[in-house]
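# Reading the structure
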Amino acid sequence: MNRFIKNDWQEVLNDQFQQEYYQELHDFLKKEYATKEIYPNMYQIFQAFQWTSYQDTKVVILGQDPYHEPGQAIGCSFAVAPGVKIPPSLVNIYKELQSDEGCTPVNHGYLKAWADQGVLLLNSVLTVRRGQAYSHRGKGWEKLTDYAIKALSDKGGVVFILWGSAAKSKSALIDTSKNTIISSVHPSPLSAYRGFFGSKPFSQTNKALLRYNERVINWQLPTIVNEMEE
(Lines give C-alpha, C1' and ligand atoms only; values in the text may rest on other atoms or scores of the structure.)
Protein backbone atom coordinates (compact mmCIF):
# COMPACT_ATOMS: atom_id res chain seq x y z
CA MET A 1 0.00 0.00 0.00
CA ASN A 2 1.90 3.00 -1.29
CA ARG A 3 0.99 5.76 1.13
CA PHE A 4 3.54 8.21 -0.19
CA ILE A 5 1.70 10.94 -2.05
CA LYS A 6 3.88 12.99 -4.36
CA ASN A 7 2.50 16.39 -3.44
CA ASP A 8 1.50 18.45 -0.39
CA TRP A 9 -1.19 15.96 0.66
CA GLN A 10 1.62 13.82 2.07
CA GLU A 11 2.42 16.54 4.61
CA VAL A 12 -1.25 17.24 5.35
CA LEU A 13 -2.04 13.57 6.01
CA ASN A 14 1.29 12.39 7.40
CA ASP A 15 0.18 12.64 11.02
CA GLN A 16 -2.78 10.37 10.23
CA PHE A 17 -0.48 7.77 8.69
CA GLN A 18 1.22 7.48 12.11
CA GLN A 19 -2.02 6.90 14.02
CA GLU A 20 -2.95 3.52 15.46
CA TYR A 21 -6.15 3.31 13.41
CA TYR A 22 -4.16 3.69 10.20
CA GLN A 23 -1.68 1.00 11.20
CA GLU A 24 -4.62 -1.33 11.84
CA LEU A 25 -6.12 -0.37 8.47
CA HIS A 26 -2.78 -1.01 6.78
CA ASP A 27 -2.53 -4.48 8.34
CA PHE A 28 -6.12 -5.26 7.32
CA LEU A 29 -5.46 -4.18 3.73
CA LYS A 30 -2.25 -6.22 3.46
CA LYS A 31 -4.27 -9.33 4.31
CA GLU A 32 -7.18 -8.35 2.05
CA TYR A 33 -4.99 -7.73 -1.01
CA ALA A 34 -3.14 -11.00 -0.38
CA THR A 35 -6.26 -13.16 -0.07
CA LYS A 36 -9.10 -11.46 -2.00
CA GLU A 37 -9.71 -9.40 -5.13
CA ILE A 38 -9.61 -5.77 -3.98
CA TYR A 39 -10.15 -2.59 -5.99
CA PRO A 40 -8.52 -0.37 -7.02
CA ASN A 41 -5.06 -1.88 -7.41
CA MET A 42 -2.90 -0.92 -4.45
CA TYR A 43 -0.89 1.61 -6.44
CA GLN A 44 -4.04 3.62 -7.19
CA ILE A 45 -5.52 3.79 -3.69
CA PHE A 46 -4.43 7.43 -3.28
CA GLN A 47 -4.91 8.41 -6.92
CA ALA A 48 -7.40 11.20 -6.12
CA PHE A 49 -4.82 12.87 -3.88
CA GLN A 50 -2.06 12.29 -6.45
CA TRP A 51 -4.08 13.97 -9.20
CA THR A 52 -5.18 17.04 -7.21
CA SER A 53 -2.91 18.57 -4.59
CA TYR A 54 -4.21 20.04 -1.36
CA GLN A 55 -3.26 23.57 -2.35
CA ASP A 56 -4.86 23.23 -5.80
CA THR A 57 -8.14 21.72 -4.58
CA LYS A 58 -11.05 24.11 -5.02
CA VAL A 59 -13.89 21.61 -5.64
CA VAL A 60 -14.56 18.23 -4.02
CA ILE A 61 -16.87 15.66 -5.62
CA LEU A 62 -17.43 13.19 -2.81
CA GLY A 63 -18.24 9.57 -3.56
CA GLN A 64 -18.96 6.62 -1.29
CA ASP A 65 -16.46 3.88 -2.17
CA PRO A 66 -14.79 2.55 -5.34
CA TYR A 67 -16.63 0.72 -8.11
CA HIS A 68 -16.63 -2.95 -7.18
CA GLU A 69 -16.68 -4.68 -10.58
CA PRO A 70 -13.52 -5.69 -12.47
CA GLY A 71 -11.66 -3.01 -14.39
CA GLN A 72 -13.68 -0.05 -13.12
CA ALA A 73 -12.05 1.52 -10.04
CA ILE A 74 -9.08 3.84 -10.53
CA GLY A 75 -9.04 5.51 -7.11
CA CYS A 76 -11.15 8.54 -8.04
CA SER A 77 -14.84 9.05 -7.35
CA PHE A 78 -17.17 8.32 -10.29
CA ALA A 79 -14.25 7.98 -12.75
CA VAL A 80 -13.19 4.93 -14.76
CA ALA A 81 -10.21 4.25 -17.01
CA PRO A 82 -10.27 5.01 -20.75
CA GLY A 83 -12.02 2.25 -22.66
CA VAL A 84 -14.17 1.11 -19.72
CA LYS A 85 -17.96 1.29 -20.13
CA ILE A 86 -19.37 4.42 -18.48
CA PRO A 87 -21.20 3.43 -15.25
CA PRO A 88 -24.90 4.40 -14.90
CA SER A 89 -24.35 7.13 -12.30
CA LEU A 90 -21.74 8.81 -14.50
CA VAL A 91 -24.09 8.57 -17.50
CA ASN A 92 -26.59 10.58 -15.46
CA ILE A 93 -23.89 13.05 -14.38
CA TYR A 94 -23.13 13.63 -18.07
CA LYS A 95 -26.84 14.17 -18.81
CA GLU A 96 -27.08 16.83 -16.11
CA LEU A 97 -23.81 18.34 -17.27
CA GLN A 98 -25.21 18.72 -20.78
CA SER A 99 -28.45 20.25 -19.47
CA ASP A 100 -26.69 22.54 -17.01
CA GLU A 101 -23.57 23.67 -18.87
CA GLY A 102 -24.25 22.61 -22.45
CA CYS A 103 -21.31 20.20 -22.40
CA THR A 104 -21.20 17.53 -25.08
CA PRO A 105 -21.25 14.02 -23.53
CA VAL A 106 -18.09 12.03 -24.19
CA ASN A 107 -17.73 8.29 -24.71
CA HIS A 108 -15.37 7.70 -21.77
CA GLY A 109 -15.43 8.13 -18.02
CA TYR A 110 -11.89 9.40 -17.50
CA LEU A 111 -12.26 12.56 -15.40
CA LYS A 112 -8.62 13.60 -15.08
CA ALA A 113 -9.29 16.86 -16.96
CA TRP A 114 -11.44 17.90 -13.99
CA ALA A 115 -8.81 16.82 -11.47
CA ASP A 116 -6.19 18.85 -13.33
CA GLN A 117 -8.30 21.97 -12.73
CA GLY A 118 -8.62 21.46 -8.98
CA VAL A 119 -11.52 19.01 -8.65
CA LEU A 120 -10.69 16.42 -5.98
CA LEU A 121 -12.49 13.17 -6.88
CA LEU A 122 -12.58 11.75 -3.36
CA ASN A 123 -14.33 8.65 -2.04
CA SER A 124 -15.09 8.33 1.69
CA VAL A 125 -13.75 4.75 1.64
CA LEU A 126 -10.78 4.12 -0.66
CA THR A 127 -10.91 0.33 -1.19
CA VAL A 128 -13.53 -2.39 -1.76
CA ARG A 129 -13.84 -6.14 -2.31
CA ARG A 130 -14.90 -7.34 -5.72
CA GLY A 131 -18.69 -7.44 -5.98
CA GLN A 132 -19.25 -6.20 -2.41
CA ALA A 133 -20.11 -2.52 -2.23
CA TYR A 134 -19.07 -0.82 1.02
CA SER A 135 -17.25 -3.98 2.18
CA HIS A 136 -14.37 -1.92 3.62
CA ARG A 137 -16.66 0.47 5.46
CA GLY A 138 -15.73 1.08 9.09
CA LYS A 139 -12.13 -0.15 8.73
CA GLY A 140 -10.52 3.26 9.17
CA TRP A 141 -10.71 4.96 5.79
CA GLU A 142 -13.46 7.31 6.98
CA LYS A 143 -11.17 8.73 9.67
CA LEU A 144 -8.55 9.57 7.07
CA THR A 145 -10.93 11.06 4.50
CA ASP A 146 -12.87 12.98 7.17
CA TYR A 147 -9.55 14.50 8.21
CA ALA A 148 -8.87 15.49 4.60
CA ILE A 149 -12.32 17.07 4.28
CA LYS A 150 -11.77 19.06 7.49
CA ALA A 151 -8.34 20.18 6.28
CA LEU A 152 -9.88 21.50 3.07
CA SER A 153 -12.65 23.19 5.03
CA ASP A 154 -10.05 24.92 7.18
CA LYS A 155 -8.30 26.18 4.04
CA GLY A 156 -11.57 27.77 2.87
CA GLY A 157 -12.89 28.78 -0.52
CA VAL A 158 -13.72 25.19 -1.47
CA VAL A 159 -16.94 23.94 -3.08
CA PHE A 160 -18.10 20.57 -1.78
CA ILE A 161 -20.46 18.64 -4.07
CA LEU A 162 -22.37 16.11 -1.95
CA TRP A 163 -24.68 13.70 -3.80
CA GLY A 164 -26.74 11.24 -1.78
CA SER A 165 -27.19 10.67 1.95
CA ALA A 166 -23.72 9.17 2.56
CA ALA A 167 -22.02 12.23 1.09
CA LYS A 168 -24.44 14.69 2.70
CA SER A 169 -23.66 13.20 6.11
CA LYS A 170 -20.21 14.81 5.78
CA SER A 171 -21.66 18.32 5.76
CA ALA A 172 -21.08 18.58 9.53
CA LEU A 173 -17.32 18.55 8.83
CA ILE A 174 -17.50 21.62 6.60
CA ASP A 175 -17.41 25.24 7.77
CA THR A 176 -20.08 26.85 5.59
CA SER A 177 -19.03 30.35 6.63
CA LYS A 178 -16.01 30.05 4.32
CA ASN A 179 -16.93 27.15 1.99
CA THR A 180 -19.93 26.21 -0.17
CA ILE A 181 -21.93 22.97 -0.07
CA ILE A 182 -23.93 21.92 -3.13
CA SER A 183 -26.04 18.84 -2.47
CA SER A 184 -28.80 16.74 -3.97
CA VAL A 185 -29.88 13.12 -4.23
CA HIS A 186 -27.42 10.68 -5.76
CA PRO A 187 -27.08 10.51 -9.59
CA SER A 188 -27.76 6.76 -9.47
CA PRO A 189 -30.62 5.57 -11.74
CA LEU A 190 -32.49 4.70 -8.52
CA SER A 191 -32.68 8.33 -7.40
CA ALA A 192 -31.60 10.71 -10.17
CA TYR A 193 -35.17 11.60 -11.14
CA ARG A 194 -35.97 12.58 -7.55
CA GLY A 195 -33.93 15.77 -7.60
CA PHE A 196 -30.54 15.23 -9.22
CA PHE A 197 -31.72 16.14 -12.70
CA GLY A 198 -32.24 19.88 -12.82
CA SER A 199 -30.13 20.59 -9.74
CA LYS A 200 -27.48 22.43 -11.82
CA PRO A 201 -24.48 21.54 -9.64
CA PHE A 202 -21.87 22.48 -12.23
CA SER A 203 -23.04 26.02 -12.90
CA GLN A 204 -23.67 26.49 -9.17
CA THR A 205 -20.08 25.43 -8.50
CA ASN A 206 -18.70 27.94 -10.97
CA LYS A 207 -20.79 30.74 -9.49
CA ALA A 208 -19.37 29.92 -6.06
CA LEU A 209 -15.82 29.84 -7.42
CA LEU A 210 -16.30 33.31 -8.89
CA ARG A 211 -17.35 34.52 -5.44
CA TYR A 212 -14.05 33.16 -4.13
CA ASN A 213 -12.15 34.89 -6.96
CA GLU A 214 -11.17 31.49 -8.33
CA ARG A 215 -11.03 30.43 -11.97
CA VAL A 216 -14.13 28.49 -12.99
CA ILE A 217 -14.00 24.83 -14.03
CA ASN A 218 -14.22 23.99 -17.71
CA TRP A 219 -16.50 20.97 -17.30
CA GLN A 220 -16.24 19.93 -20.96
CA LEU A 221 -14.18 16.75 -21.04
CA PRO A 222 -11.88 16.03 -23.99
CA THR A 223 -13.26 13.61 -26.55
CA ILE A 224 -9.93 11.80 -26.83
CA VAL A 225 -7.95 10.79 -23.75
CA ASN A 226 -4.51 9.30 -23.28
CA GLU A 227 -3.78 6.21 -21.25
CA MET A 228 -3.83 6.64 -17.51
CA GLU A 229 -1.25 8.94 -16.01
CA GLU A 230 0.05 8.87 -12.48
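Structure: see above.
Let me begin by describing the structure that accompanies this report.

The helix and strand tally for the protein stands at eight helices and six strands. With the principal axes as the frame, the protein shows a C-alpha extent of 45 × 40 × 35 Å. Expressed as a percentage of its 230 residues, the buried residues of the protein come to 55%. A fraction of 69% describes how many contacts in the protein between residues 6 or more apart in sequence connect residues 24 or more apart. When the 24 positive and 23 negative side-chain charges of the protein are each reduced to one mean point, those points stand 5 Å apart.

Mapped onto the secondary structure, His136 falls in the loop between strand 4 (128-129) and helix 6 (141-155). Owing to a relative accessible area of 0%, His136 belongs among the buried residues under this scheme. At a separation of 2.8 Å, a polar atom in the side chain of His136 contacts the side chain of Glu32. Looking at His136, its side chain comes within polar contact range of the side chain of Thr127, at 2.7 Å.

One finds Trp9, Phe46, Phe49, Trp114 and Trp141 to be the most contacted residues of the largest nonpolar core, which totals 72 residues. Discounting residues that sit within four places of it in the chain, Trp9 has contacts with Phe49, Thr52, Ser53, Tyr54, Thr57, Leu120, Ala148 and Leu152.

With respect to the helices and strands, Lys170 occurs in the loop between helix 7 (165-168) and strand 6 (180-184). We classify Lys170 as buried; its relative accessible area is 11%. Reaching out from Lys170, the side chain makes a polar contact with the side chain of Asp146 at a distance of 2.8 Å. Filtering out sequence-adjacent residues up to four positions away, Lys170 remains in contact with Leu62, Ser124, Glu142, Asp146 and Ile149.

Before going further, it helps to spend a moment on the pairing of strand 6. Of the two faces of strand 6, the one lined by Thr180, Ile182 and Ser184 is fully buried and the one lined by Ile181 and Ser183 carries no buried residue. Relative to strand 6, strand 5 (residues 159-163) is paired through five bridges, and the arrangement is parallel. Bridged to Val159 within strand 6 is Thr180.

Attention now goes to the pattern of salt bridges. Per the stated rule, a full pass over the model turns up five salt bridges. Measuring nitrogen to oxygen at the nearest pair gives 3.1 Å for the salt bridge that ties Arg130 to Glu37. Of the two residues, Arg130 sits in the loop between strand 4 and helix 6 while Glu37 sits in the loop between helix 2 (20-35) and strand 1 (38-39), which places them 93 residues apart along the sequence. What emerges from the salt-bridge pattern is a single network uniting Glu32, Lys36 and Arg129.

For sheets, the rule is that strands pair by backbone hydrogen bonds, running either parallel or antiparallel. Strand order in the open sheet made by the four strands is 3-2-5-6, with parallel pairing throughout. Either end of the sheet is taken by a strand with one partner, and the two such strands are strand 3 (119-123) and strand 6. Direction aside, neighbouring strands of the sheet carry axes that sit 20° apart on average. Two elements, strand 2 (residues 59-63) and strand 3, share five bridges in a ladder whose sense is parallel. Each residue of the ladder has a partner; that of Ile61, found in strand 3, is Leu121.

Conventions we followed
- Residues numbered from 1 in each chain as written.
- Predicted model: local features only at pLDDT ≥ 70, side-chain atom pairs only at ≥ 80, totals over all residues.
- Heavy atoms only, no water.
- Helix = DSSP H or I, 4+ residues; strand = E, 2+ residues; numbered from the N terminus.
- Buried < 20%, exposed > 50% of the residue type's maximum accessible area, 1.4 Å probe, protein only.
- Contact = heavy atoms within 4.5 Å.
- Lys, Arg positive; Asp, Glu negative; His and termini not counted.
- Charge placed at Lys NZ, Arg CZ, Asp CG, Glu CD.
- Polar contact = N/O pair within 3.5 Å; in protein donor to acceptor, adjacent residues only side chain to side chain.
- Core = buried A, V, L, I, M, F, W, Y, C linked by side-chain atoms within 4.5 Å.
- Pairing = 2+ DSSP bridges.
- Salt bridge = Lys/Arg side-chain N within 4 Å of Asp/Glu carboxyl O.
- Axes fitted to C-alpha atoms, helices over the stretch in contact; angles between N-to-C directions.

Without other data, these values stay purely geometric and don't point to any function.
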